Amino acid sequence: MLSWGAASGRALRWASGRAPARGLRASPRARTAMPSWVIDRYGSNEVLRFTRDMMFPIIHFPNEVIIKVHAASLNPIDLSMRSGYGATALNMKRDPLKLKTGETEFPLTLGRDVSGVVMECGLGVSYFKPGDEVWAAIPPWKQGTLSEFVVASGNEVSFKPKCLSHTEAAALPYVGLTAWSALNQVGGLNQSNCSGKRVLILGASGGVGTFAVQLMKAWDAHVTAVCSHDASTLVKKLGADDVVDYKSRNLEEQLKTLPLFDFILDNVGGSTEKWALDRLKKWSGATYVTLVTPFLINMDKLGVADGMLQTGVTVGSKTLKHLLKGVHYRWAFFMPSGPNLDEIAELVDSGKIQPVIDEVFSFSEVPKAFLKLEGGHARGKTVINVISRQ
């Protein structure tokens, strides 16, 4: 287990004059409940609860599809959401006009990745049909994938890579789209401009890091990967040109012995930001992109308005400060995108990107999977096999 596709033809047909919500479903048998892992409050692992009575998803908009989940996987954001991280911003996204007075987000299903089969399609969906094998990363403000079924917008979904099982495919969408957002959409890197560029990846052995290493090598960059010694073999196998063990001695001093970089992807945050930008080539368009930002924390602590203001001041001041020093400073976030998953799927099917899976758990072992992820030092992804057939 160690992909690229055209987005053309993805346009969804919207029936003119049709109401934005509908209760109609095409299933031969109406269902009202399904098995799911949910939380009823925020907290540690004991808040996870299995139920067979979670509300069955309903197609509300013409561009939505219902997917039967074959496999899902966990990401650090699932641990954070379980504890309440980002609740202020996510609840605003779920109900921006505060129309659902008295309602809460609970019971809440976690899990962002899904690989499965389309069961039903909204009337505006022309790109998919029931029976199609698909994968997707569901945005964190929607109900998640640790369920028998999940609803997604058609523009969040893509055809699953043909060469992967559902269990393998479920390891990629969220981390792949997060890395794609940072490297391509924010960082401006692509297949035509990466050749020979020196790229530093901090935190190279996790889900996003292992994907980023492979994507940069597929685009012909020179990759320096930072990880612990016990992950170095894995990262070298993925194609990294240089591997730096951050535990062996001071990381900053080790990197000073290497030539400067054109691009840095930071999956670690913390103190690394204080010195990492000094390892970029000045006045050459070199860019530092971090995935560790205070955006959601600011909104949780300060509220929506003050949190957004503080975030804007922070990113603006840092951007200007580093621009005056000759380098670009950027924040990046996960962005759901079916068309980008199309491109990733083609890279997978061409053998340029492979899923890296740390461990696979059954659907009954979801709490155990959370504990595994919470233990840290993952080498790839923690996958949940929702049904026995892959």
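All residue numbers refer to position in the chain's written sequence, counted from 1. Given that this is a predicted model, residues contribute local features only at a pLDDT of at least 70 and side-chain atom pairs are listed and counted only at 80 or more, while totals for whole chains, interfaces and linings are drawn from all residues. For side-chain calculations, the full set of non-hydrogen atoms in the structure is used, while hydrogens and water are omitted.

Q: Kindly report on unusual backbone geometry, identifying the contributing residues and their values.
A: Going from Phe 106 to Pro 107, the amide bond is cis rather than trans, its omega being -5°. The secondary structure listing takes helices from DSSP runs of H or I that are at least 4 residues long and strands from runs of E that are at least 2 residues long, numbered from the N terminus. Here Pro 107 is to be found in the loop between helix H2 (87-94) and strand E4 (113-121). Residues other than glycine seldom take positive phi values, yet Asp 220 does so here, at roughly 70°. Structurally, Asp 220 is set in the loop between helix H5 (207-218) and strand E9 (222-227). With phi around 55°, Trp 283 is a residue other than glycine that occupies positive phi space. Tracing the chain through its elements places Trp 283 in the loop between helix H8 (272-276) and strand E12 (287-290). By relative accessible area, Trp 283 is classed as exposed at 63%. Exposed residues in this analysis have more than 50% of their type's maximum accessible area, buried residues have under 20%, and partly exposed residues fall in between, with area computed by a 1.4 Å probe over protein chains only.

Q: Before we move on, could you go through the sheet that holds E12 and cite the residues and values that matter?
A: Across a sheet, strands are paired by hydrogen bonds formed along the backbone, either parallel or antiparallel in direction. Reading across from one edge, E10-E9-E8-E11-E12-E13 is the order of the six strands in this open sheet, with parallel pairing throughout. Of all the strands in the sheet, just strand E10 (242-245) and strand E13 (328-331) have a single pairing partner and so form its edges. Here the average twist between neighbouring strands, direction ignored, is 15°. In this structure, strand E8 (residues 198-202) lies alongside E9, joined through five bridges in parallel fashion. Looking at the pairing, Leu 200 lines up with Thr 224 of E9. Residue contacts are defined here by distance: any two heavy atoms, one from each residue, within 4.5 Å place the two residues in contact. Between N-to-C directions, angles span 0 to 180 degrees; the directions come from axes that are lines fitted to C-alpha atoms, helices contributing only their stretch in contact. Each of E8, E9 and strand E11 (263-266) touches H5; the most contacted strand, E9, lies at about 165° to it. Strand pairing follows a simple DSSP-based rule, namely that at least 2 bridges must link the two strands.

Shape descriptors only; they carry no functional weight alone.
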